[in-house]
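Here is how the chains run, residue by residue.
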Amino acid sequence: MRFGILGPLEVTGAAAPSDGRREHSYAPQAAKLRVVLGTLLIRANEVVSVESLIDELWPDAPPRTATTTLQVYVSHLRKTLQSADPDNGREALATRRPGYLLRVGADALDALVFEDLYRRGHQALQTSDFAGAADLHRRALALWRGPLLSDTPHGPVLEGAAVRLAEARTSALDERIRAELHLGLHRELVAELQELVAEHRMHEEFHTHLMVALYRCGRQAEALRVFTTLRQTLVEELGIEPGPSSSRLQRRILEGDPALARAGGRAAGPPAGTAGSAGSAGRDPGHDGPPAAVADTAEGAAGAAADAVGRSAALGALPAADPCFTGRTEELAELERLLRGAPAGGCVAVTGMPGAGKTALAVEAAHRVADAFPDGRLFLDLRGGAGPGLPSAAGPVLDRLVRAAGGTAAAPADGAAAAPRLLLVLDGVGSETEVRPLLPALRGAVVLLVARRVPAGLPGLRSVLLGPWRRDEAQRLVGLFTGGAGSRAGTFGSAAALDAGPGLGPDTVAEIAELCGRLPLAVRTAAAQLAARPHWTAAVLADRLREEGGRLDVLRTGDVDVRSRLLDAYAACPDPQRRAFRLLSLLPPGRFGARHAAAALDLTEPQASAALEALADERLVAVDRDGCRIPELLRLLAVERLALEDPPEVVRAAAERVCRAYADGAAEPGRVCDTGARGLVRLARTAYGAGLWALTVRLTDALAGWVPDDAEAVYALALDAARRCADRPAQARMRRSLGELAWQYRRVEQADELFSDALELAREAGDEEEAARALVGLAELRLDAGESAQAAALLEPALAALSAPGRTRGRYEASRARALLALAQEGRESARAWFGECLELAGALRDQRLEVYALRSLRALSLPPRGGSGPASRAVEIRPGLWRIDPAAVPANPL
């Protein structure tokens, strides 16, 4: 059974007709049924809530019978699916709280196939596999038969999906054309591109592709006319000029750039789609041929270096200050202090992970220290296109630049130190070997280096390490989304035109920043995405970013691609470090130590520590005194690369080692912290997905009473894992845990059934402790219903069984229930004794949350009873943070 949504809705049967006729379509005729099926397909293999489906069916005013009507629609769809696939069709549409889930294979839905082909084509383009990228994108685009679900009414979900997939379709088309330009297919592309620019009159990329194709066909005048038409359209309709990339391309065509006339990939430089440096930004893949050959003579090499530098807006000019520069108060102050105090010939470096805003910080600092360098400030990008760093013959060019700025390159004849009067910013430094040959020409200047890693080996080097924005800085980033960031009036891209809009407050922006790992490049890209899509709200953007699997796809706009920038750093590492980086993505988000890293890498702890230090040098891992962590977006990249590059058996073995290490650690005394518990939940899901049933159970057991947001789903997985490994005591534990959750959600009958099942399983398995804990659960249900005598009868054998050594947690829960029973039956003194026992047991468990609860209860019992008959006078804290309004007047626990 196959589905098609990239055009009119299509449903075809599981078996193709044997007589060669066209497959029969089982797509429902009724519009409402198509809406339900289309919505489930857009979110295939996810639970779609009843509320979402009702909003999609009746966006304005749903009828009172909406839920019942939806159930009828679902029943009709199940019959339709059974007709299409008699064996599995009906079971494909499952009821899952709080809605429905449609199971669809990866190759059974054209949208999933399209997204997979598009992702693979994008990756091929990143690695300069232009033939592969063109083929993959052609196959992806061939799946489209028209607009998304063109025969189906669209509500909010389908409308959002239509916009998203239309954007992906346009991106696939753009990348296919880029790849084909690299392959020399410019003549074949001219007609198609002329049609595209007529249809997309303000799409700059299609216009620049057409300009390149025409120029390579020898039609220079027509190529320039395309730019003129684009400019007129943008000025007349939007009041803006074409972007820097389009304007640079126009200049290159006017100059008759011979490199532009040659098809093929770059000889050097960042991969396709990478957001380049100041000197190379906007030079789109497919628009750049190999650089002109560098002459063998030193003079010729110097001339080529000068040409590379000359591609900047002005020779060696410092870029203008970023009007949206924000945050970095401490780092900026430190960098300014180092620059003002640096001697002539001194070097200062700004280093950090990709996308951290190193160049922006260096430029901002250079502007702020202008008074300390009266002869000027220069900026050179060592990635300007002449290869990986300027050649050694670039020294004479730098000497000329220094002299042109009014400085003195050479030191005084008498050897006396001269006060530095010129600042040179060198961006894109790969290693000290690129810089050392240039230093003799710069003895009268201070050099500010911008590099990912510290260029060790340079004498007297001082450095500033740049990480993500701090959390307090993230609270002040609203200006990036409204155009008011920084201390100067200005904008980032078109963000100035963006109104704050509904929901765009500090909390929403702070969440978006967290989802971006507080990485400046990523946050700015997110702001640009919101500015470029007026139909998006901040909530829509945040919702798209929450999905880990697609987050890096969202952080791409124009020629700025966060994934590509991160890939640059990854690709620059040796193979062993890349492998270690990928395997570390199996660890839960957050901090980790050498012990857990050793499990992931299958190394000893000293070996793992050395591997972590090497990754820290490459800025792929952040290390401080509290441990190590992979910055969030780098972690998502590592997850992607692990799935793409490592065999499944390798991943499964590493996942087993990691899960086992965390399960062993969680067995130690003490309550797991919230961050640690979230990590255990994630690992339990990983173990379940890898078929590691026993480890799934162990990791879930280690939660020790911590209740995640999706607790029922987590314990349901663990229950299934316990069944699969025939662990009856574990089945009893999971049923009892699910019973406690059902009771907290006030589903009393379900809780009673789960506790009873847990009791029966535990007795069959001979697990006395678990049977006693199930009795405690049943006793709490009876106590909740006011049946104190039945509760006491259940608690008596439970307390006796849980008095045995090694059953401290169960004894604590039984004593807590007995204290509540004492409040209802025996009075405050008896309850105080039982809560005192709870305090001792919590101390033995080293569980601070349970200790605080016991102390709070004892304190409440030491106070005189409250008067009155209101709810506050009858409130009882039955568990930490969980209250019950008791019919009996018992003292309330004041918080």
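Residues numbered from 1 in each chain as written. Predicted model: local features only at pLDDT ≥ 70, side-chain atom pairs only at ≥ 80, totals over all residues. Heavy atoms only, no water.

*Asks:* So, the overall build of the protein chain: which residues are in play, and what are the values?
*Replies:* Broken down by element type, the protein chain carries 38 helices and 16 strands. Taken across its 895 residues, the protein chain has 52% of its residues classed as buried. Put simply, of all contacts in the protein chain between residues at least 6 apart along the chain, 68% involve residues at least 24 apart. As presented, the protein chain carries roughly 38800 Å² of accessible surface, and 52% of it is formed by carbon and sulfur atoms. (Helix = DSSP H or I, 4+ residues; strand = E, 2+ residues; numbered from the N terminus. Buried < 20%, exposed > 50% of the residue type's maximum accessible area, 1.4 Å probe, protein only. Contact = heavy atoms within 4.5 Å. Areas by Shrake-Rupley, 256 points an atom, 1.4 Å probe, with all protein chains shown as cover.)

*Asks:* Which residues make up the pattern of salt bridges, and what values go with them?
*Replies:* Per the stated rule, a full pass over the model turns up 60 salt bridges. For Glu548, the salt bridge is made with Arg682, and the minimal N-O distance between the two is 3.0 Å. Taken together, the residues Glu548 in the loop between α21 (538-546) and α22 (551-554) and Arg682 in helix α29 (residues 674-689) connect sequence positions 134 residues apart. By relative accessible area, Arg682 is classed as partly exposed at 32%. For Arg641, the salt bridge identified is with Glu645, shortest N-O distance 2.9 Å. One end of the pair is Arg641 and the other is Glu645, both in helix α27 (residues 632-645) and 4 residues apart, which spans about a single turn. Classification of Arg641 as buried rests on a relative accessible area of 12%. Using a relative accessible area of 33% as the deciding quantity, one classes Glu645 as partly exposed. Overlapping salt bridges, with partners in common, bring together Glu548, Arg551, Glu632, Arg635 and Arg682 in one network. (Salt bridge = Lys/Arg side-chain N within 4 Å of Asp/Glu carboxyl O.)

*Asks:* Quick rundown of the sheet that holds strand β5 (residues 99-102)? Include the residues and the values.
*Replies:* One key point about sheets: their strands pair by backbone hydrogen bonds, in either a parallel or an antiparallel sense. An order of β3-β5-β4 is seen for the 3 strands of this open sheet, with the pairing classed as antiparallel. Each having just a single partner strand, β3 (47-49) and β4 (93-96) make up the two edges of the open sheet. The average angle at which neighbouring strand axes cross in this sheet is 30 degrees, direction not considered. Here β3 runs beside β5; their pairing, made up of 3 bridges, is antiparallel. (Pairing = 2+ DSSP bridges. Axes fitted to C-alpha atoms, helices over the stretch in contact; angles between N-to-C directions.)

*Asks:* Break down the sheet that holds strand β6 (residues 347-352) for me, with residues and values.
*Replies:* Judged by pairing direction, the sheet is parallel, and its 5 strands sit side by side in the order β7-β8-β9-β6-β10 without closing on themselves. Edge positions in the open sheet fall to β7 (377-381) and β10 (462-466), since each of these has one partner strand only. Across this sheet, the average inter-strand angle for adjacent strands is 15 degrees, counted without regard to direction. Alignment of β6 against strand β9 (residues 445-451), held across 4 bridges, turns out to be parallel.

*Asks:* Tell me what's going on with the environment of Leu615, and back it up with residues and numbers.
*Replies:* Assignment of secondary structure puts Leu615 in helix α26 (residues 605-617). For Leu615, a relative accessible area of 0% puts it in the buried group. Along the chain, Leu615 and Cys573 lie 42 residues apart, while their C-alpha atoms are 8.6 Å from each other. In this structure, Leu615 is in contact with Gln577, Ala580, Phe581, Leu584, Leu620 and Val621, ignoring residues within four places of it in sequence.

*Asks:* Give a description of the pairing of β9 that names residues and reports values.
*Replies:* The element β9 is extensively covered by neighbouring structure, given that 7 of its 7 residues are classed as buried. Neither face of β9 is left uncovered, since the one carrying Ala445, Val447, Leu449 and Ala451 and the one carrying Val446, Leu448 and Val450 both have all their residues buried. One ladder, built from 6 bridges, connects strand β8 (residues 422-429) with β9; its direction is parallel. Along β9, the bridge assignment pairs Leu426 with Leu449.

*Asks:* Tell me about the packing of helix α9 (residues 204-216) against helix α10 (residues 220-238), and name the residues and values.
*Replies:* Two numbers describe how α9 lies on α10: the axes approach to 7 Å, and their chain directions differ by 165 degrees. The angle between α9 and α10 places the two elements in the roughly antiparallel class. Between α9 and α10 the crossing geometry is left-handed. Touching Glu204, His207, Leu210, Met211, Leu214 and Tyr215 of α9 are Gln220, Glu222, Ala223, Val226, Phe227, Leu230 and Leu234, all from α10. Split into classes, the residues belonging to the contact of α9 with α10 amount to 9 nonpolar, 2 polar and 2 charged. (Parallel < 35°, antiparallel > 145°, perpendicular 65-115°, else oblique. Left-handed = near helix turned anticlockwise from the far one by under 90°. Nonpolar A, V, L, I, M, F, W, Y, C, P; charged D, E, K, R; others polar.)

*Asks:* Quick one: what's the story with a nonpolar patch on the surface, residue by residue and with numbers?
*Replies:* A cluster of nonpolar side chains, contributed by Met202, Leu238 and Ile240, occupies part of the molecular surface with about 260 Å² of accessible area. Mapping Ile240 onto the fold places it in the loop between α10 and α11 (244-254). (Patch = residues over 30% accessible without salt bridge, like charges linked within 9 Å, V, L, I, M, F, W, Y side chains within 5 Å.)

*Asks:* Lay out the packing of aromatic side chains with the relevant residues and their values.
*Replies:* As enumerated under the stated definition, the model contains 6 aromatic pairs in all. Both rings, one in Phe114 and one in Tyr118, keep their centres 6.2 Å apart while their planes meet at 10 degrees; by these two values the pair is stacked. With Phe114 and Tyr118 both in helix α5 (residues 110-126) and 4 residues apart, this pair spans about one turn of that helix. Neither residue differs from the other here; Phe114 and Tyr118 are each classed as buried. (Phe/Tyr/Trp six-rings, centres within 6.5 Å; stacked < 30°, edge-to-face > 60°.)

*Asks:* Please give an account of the environment of Arg546 that cites residues and values.
*Replies:* Summarising the element assignment, Arg546 is placed in helix α21. Taking the C-alpha atoms as reference, Arg546 lies 9.5 Å from Glu511; in sequence the two are 35 residues apart. Arg546 has contacts with Glu511, Leu515 and Arg551, leaving out every residue within four places of it along the chain. Of the polar contacts made by the side chain of Arg546, one reaches the side chain of Glu511; its length is 2.8 Å. (Polar contact = N/O pair within 3.5 Å; in protein donor to acceptor, adjacent residues only side chain to side chain.)

*Asks:* Give a detailed account of the confidence of the model for the protein chain, specifying residues and quantitative values.
*Replies:* Confidence in the prediction for the protein chain averages 80 pLDDT; 81% of positions are at 70 or higher. Under a pLDDT of 50 for its full length, residues 407-417 has, in the predicted model, 14 contacts with residues more than four places off or in other chains. Segment residues 887-895: pLDDT under 50, and 30 contacts once partners within four positions in sequence are set aside and those in other chains are kept. (pLDDT = per-residue confidence, 0-100.)

*Asks:* Explain the packing of helix α1 (residues 31-42) against helix α2 (residues 50-57) to me, and be specific about the residues and the numbers.
*Replies:* For the pair α1 and α2, interaxial distance at closest approach is 10 Å and the crossing angle is 135 degrees. Here α1 is positioned oblique relative to α2, judged by the angle of their axes. For the pair α1 and α2, the crossing hand works out as right-handed. Packed against α1, whose contacting residues are Lys32, Val35, Val36 and Thr39, the element α2 presents Leu53, Glu56 and Leu57 at the interface. For the contact of α1 with α2, the class distribution of residues is 4 nonpolar, 1 polar and 2 charged.

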